[in-house]
Amino acid sequence: MKYVLVTGGVVSGLGKGVTASSIGVLLKACGLRVTSIKIDPYLNTDAGTMSPFEHGEVYVLDDGGEVDLDLGNYERFLDITLTRDNNITTGKIYKSVLDKERRGDYLGKTVQVVPHITDAIQEWIERVAVIPVDGKEGPADVCVIELGGTIGDIESMPFIEALGQFSYRVGSGNFCLIHVSLVPVLNVVGEQKTKPTQHSVRGLRGLGLTPDILACRSTKALDENVKGKLSQFCHVPAENIITLYDVPNIWHIPLLLRDQKAHEAILKRLNLHGKSQPDLEEWTARTELSAMLCNPVKIAMVGKYTGLSDAYLSVLKALLHAAVACHRKLVVEWVAAGDLEDTTAQEAPDAHKSAWEILKGADGVLVPGGFGDRGVQGKILAAKYARENKVPYLGICLGMQIAVIEYARSVLGMEDANSTEFDTRTSNPCVIFMPEGSKTQMGGTMRLGSRKTYFNNRDCKAAKLYGNISSVDERHRHRYEVNPEMIEQFENSGLSFVGKDETGCRMEVIEISAHPYFVGVQFHPEFKSRPGKPSPLFLGLIAASSGQLNTVLHNCGHLSSKTAAKKQGASNGHPAAKLYQNGNKAKYSNGLANRVYSNGNGNGIH
């Protein structure tokens, strides 16, 4: 097994996850099988209880693991299926060591960070690296490991020590260290400054790790004299210094690495001689297409975490995948759900007016998953607007439950209809707590992971979008569900529950057949969307919002191969102009350019 370790220095948020994913794409394009591991030094056992405001979205895996959002990047870029053990946290490591100590596995010895914690880290990496994640038998050829945080963080020290030992243990020809660092440009002098990277590499070397490749984040390509300076003071060959400069979107990063021959440096370090040049033809075509599109499709994203786009990262990715497949430039219009409510009209009338203008100007509406009662009434109003005005709507998890509550109130006349999550005393509990759930434990107690949904109506839009199949596996993360005792009332009034679980009692997919596209799902289809294989339900939303749904449904969830990019909005082969939001350049997320439209309330998407 060969290992590639990606570390970060100077500041956080440089894009280590995207860099690690892109390295995996490059190696996979060279004909190698690749797997990934993300190390998060925080003490939490997993990301399940962490606030999206603080840490971004919680990404859910097939096995129910609640993990860091970077594992979503790995899965999307590499088209692999990871396990919960591919995300290592300090909490998991310490728990495993303490469990061994309680069993007496250490034979009475004093349990210490070195060697017990460091040994546990190395053993975990070696065990997980050989787990197949690409559907094939046998272990992968290369494992790409990302160490979260920044070199020098106190919580990272046990992992740094373990990885130093690990590099010695597996041998120099089986280990390659790529250090992602910042080369800032001071506006005063306009010069690329190398000192932060020098200090970062010095600190890394002082901890027992020596970088083989430097990946330098900067606004523009490094000058040759800057490369020479970094090579001299960081003891890294100039040809092994890569620039990760700002690009239109993150799909360009594997191409940047290829053009700077990063694969040759990695393969040489890992003694993988004779491997072919990377075949990135399909990746390049998709990247170029996304840069050419200019005919917009506007989607109103109605949620409560609109100030941080990473809270909805997989949803945004899934929208982007579908938009590119439909040859449309994605425009995400962020709507804070609370701003749609009547109380905001009195307290902040300008915000209320702006939110409704954005909603009414959108081609489609999406209400993503979430927890808590803040902004719920605003989400209900958004669902009502979409239903009554025949605007394409997709509700995910809570977004589906919201649609059911709105329908009960507006169509069935149940004025106090609600979820018991928000009102335990409601006389019309449309959404209830799941019988098997826990109300005392938070972490890992939801209905999690991949579950099968059966379509009881093969003629519905959802089944057609999935290719007229009888069932589908999608990932879940919820504690509440639609009340099965009220299903008959809903269906008699026109709200169809077209997808259910294996028992037939748990509702998974809703539709309104008389509506152009009104779909709600209890699962999270965004987690399985891939750049070349967009989620069918997101494809349906974008297609419905851009007048292409009939074509997609006729072709069983696919656009006609004859659809021309030029006809659908490509700008005659010329790249679209750089995008701006509120008069300023598009913001950055994870240190990489986000030049997809945004109304300025969020960070755009990348």
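Residues numbered from 1 in each chain as written. Predicted model: local features only at pLDDT ≥ 70, side-chain atom pairs only at ≥ 80, totals over all residues. Heavy atoms only, no water.

Under an unreviewed UniProt entry, the name given to the chain is CTP synthase, and the organism recorded is Kalanchoe fedtschenkoi. Turning to the chain, the UniProt record has this under Sequence similarities (unreviewed entry): "Belongs to the CTP synthase family." (UniProt positions renumbered as here; feature names shortened; annotations may be inferred.)

A. Molecular detail of the UniProt feature "domain: CTP synthase N-terminal" (unreviewed entry) in the chain. As annotated in UniProt, the feature "domain: CTP synthase N-terminal" (unreviewed entry) corresponds to residues 2–272 in the numbering used here. As a span, residues 2–272 carries 41% helix and 18% strand, and end to end its C-alpha atoms are 9 Å apart. (Helix = DSSP H or I, 4+ residues; strand = E, 2+ residues; numbered from the N terminus.)

B. Local environment of the side chain of Ser 419. Mapped onto the elements, Ser 419 comes out in strand S16 (residues 418–419). Once residues lying within four places of it in the same chain are set aside, the contact partners of Ser 419 are Ile 405, Val 431 and Tyr 480. (Contact = heavy atoms within 4.5 Å.)

C. Highlighting the environment of Arg 103. Secondary-structure assignment places Arg 103 in helix H4 (residues 90–103). According to the relative accessible area criterion, Arg 103 is exposed, its value standing at 57%. Within the structure, the side chain of Arg 103 is placed 3.0 Å from the side chain of Asp 105, a separation counted as a polar contact. (Buried < 20%, exposed > 50% of the residue type's maximum accessible area, 1.4 Å probe, protein only. Polar contact = N/O pair within 3.5 Å; in protein donor to acceptor, adjacent residues only side chain to side chain.)

D. Just helix H19 (residues 536–545), in detail. Most of H19 is tucked away: ten of the ten residues are buried. Inspection of H19 places Pro 536, Leu 537, Phe 538, Leu 539, Gly 540, Leu 541, Ile 542, Ala 543, Ala 544 and Ser 545 among the buried residues, and these make up the whole buried set. Among the residues trailing H19, Gly 547 stands out with phi positive, at a value near 75 degrees.

E. View of the sheet that holds strand S1 (residues 2–8). Strand order in the open sheet made by the seven strands is S5-S2-S6-S1-S7-S10-S11, with parallel pairing throughout. Because the sheet does not close on itself, it has two edges, and the strands there are strand S5 (87–89) and strand S11 (241–245). The sheet shows a mean angle of 20 degrees between the axes of neighbouring strands, direction not considered. Docked against the sheet, helix H10 (residues 262–269) engages S1, strand S7 (175–182), strand S10 (213–218) and S11, running at close to 140 degrees with respect to S7. (Pairing = 2+ DSSP bridges. Axes fitted to C-alpha atoms, helices over the stretch in contact; angles between N-to-C directions.)

F. Molecular detail of the packing of helix H5 (residues 113–129) against helix H6 (residues 157–170). Running from N to C, H5 and H6 cross one another at 65 degrees; their axes reach a closest spacing of 9 Å. In this structure, the crossing between H5 and H6 has a hand that is right-handed. Touching Val 113, Val 114, Ile 117, Thr 118, Asp 119, Ile 121, Gln 122, Ile 125 and Glu 126 of H5 are Pro 158, Phe 159, Glu 161, Ala 162, Leu 163, Gln 165, Phe 166 and Arg 169, all from H6. (Left-handed = near helix turned anticlockwise from the far one by under 90°.)

G. View of unusual backbone geometry. Of note, the amide linkage connecting Val 114 to Pro 115 takes the cis form, showing an omega dihedral of 20 degrees. Of note in the backbone geometry, Leu 107 takes a positive phi value of approximately 55 degrees without being a glycine. With respect to the helices, strands and loops of the structure, Leu 107 is situated in the loop between H4 and H5. Located in the positive-phi region is Asn 271, a residue other than glycine, with phi close to 55 degrees. Mapped onto the secondary structure, Asn 271 falls in the loop between H10 and helix H11 (281–292).

H. Focus on the domain arrangement of the chain. Under the domain assignment used here, the chain contains domain 1 (2–286) and domain 2 (293–558). Domain 1 and domain 2 are separated by 35 Å when their C-alpha centres are compared. At the junction of the two partners, domain 1 supplies 24 residues and domain 2 supplies 30 residues. Here domain 1 packs against domain 2, burying approximately 2,300 Å² in sum over the two surfaces, 58% of which is carbon and sulfur. In this structure, the connection of domain 1 to domain 2 is made through seven salt bridges. Put simply, Lys 528 and Asp 62 hold a salt bridge, and the shortest N to O gap is 3.5 Å. Our count for the domain 1 to domain 2 interface comes out at 13 residue pairs in polar contact (both at pLDDT 80 or more). Residue assignment for the side of domain 1 that touches domain 2 shows that the elements contributing at least two residues are helix H2 (52–55), strand S3 (59–60) and helix H3 (70–78). With three residues, H3 is the single largest residue contributor to the side of domain 1 that touches domain 2. Of the residues assigned to the side of domain 1 that touches domain 2, the class counts are ten nonpolar, six polar and eight charged. (Domains from an automatic or database assignment. Buried area = accessible area lost by both parts, 1.4 Å probe. Salt bridge = Lys/Arg side-chain N within 4 Å of Asp/Glu carboxyl O. Nonpolar A, V, L, I, M, F, W, Y, C, P; charged D, E, K, R; others polar.)

I. Layout of H3. The buried fraction of H3 amounts to nine of the nine residues, a majority that puts the element mostly inside the structure. By the burial criterion, the buried members of H3 are Asp 70, Leu 71, Gly 72, Asn 73, Tyr 74, Glu 75, Arg 76, Phe 77 and Leu 78. Where H3 terminates, the next one or two residues include Asp 79, which has phi positive at roughly 55 degrees.

J. Summary view of the confidence of the model for the chain. When pLDDT is averaged along the chain, the result is 88, and 90% of the positions lie at 70 or above. In the model, residues 561–606 has pLDDT below 50 throughout and makes 119 contacts with residues more than four positions away in sequence or in other chains. (pLDDT = per-residue confidence, 0-100.)

K. Examining the packing of H4 against H5 more closely. Between H4 and H5, the shortest axis-to-axis distance is 10 Å and the interhelical angle comes to 115 degrees. Relative to H5, the element H4 is oriented roughly perpendicular. The hand of the H4/H5 crossing is right-handed. Between H4 and H5, the contacting residues are Lys 92, Ile 93, Tyr 94, Val 97 and Lys 100 on the first element and Val 113, His 116, Ile 117, Ala 120, Ile 121, Glu 123 and Trp 124 on the second. Residue composition of the contact of H4 with H5, grouped by class: eight nonpolar, one polar and three charged. (Parallel < 35°, antiparallel > 145°, perpendicular 65-115°, else oblique.)

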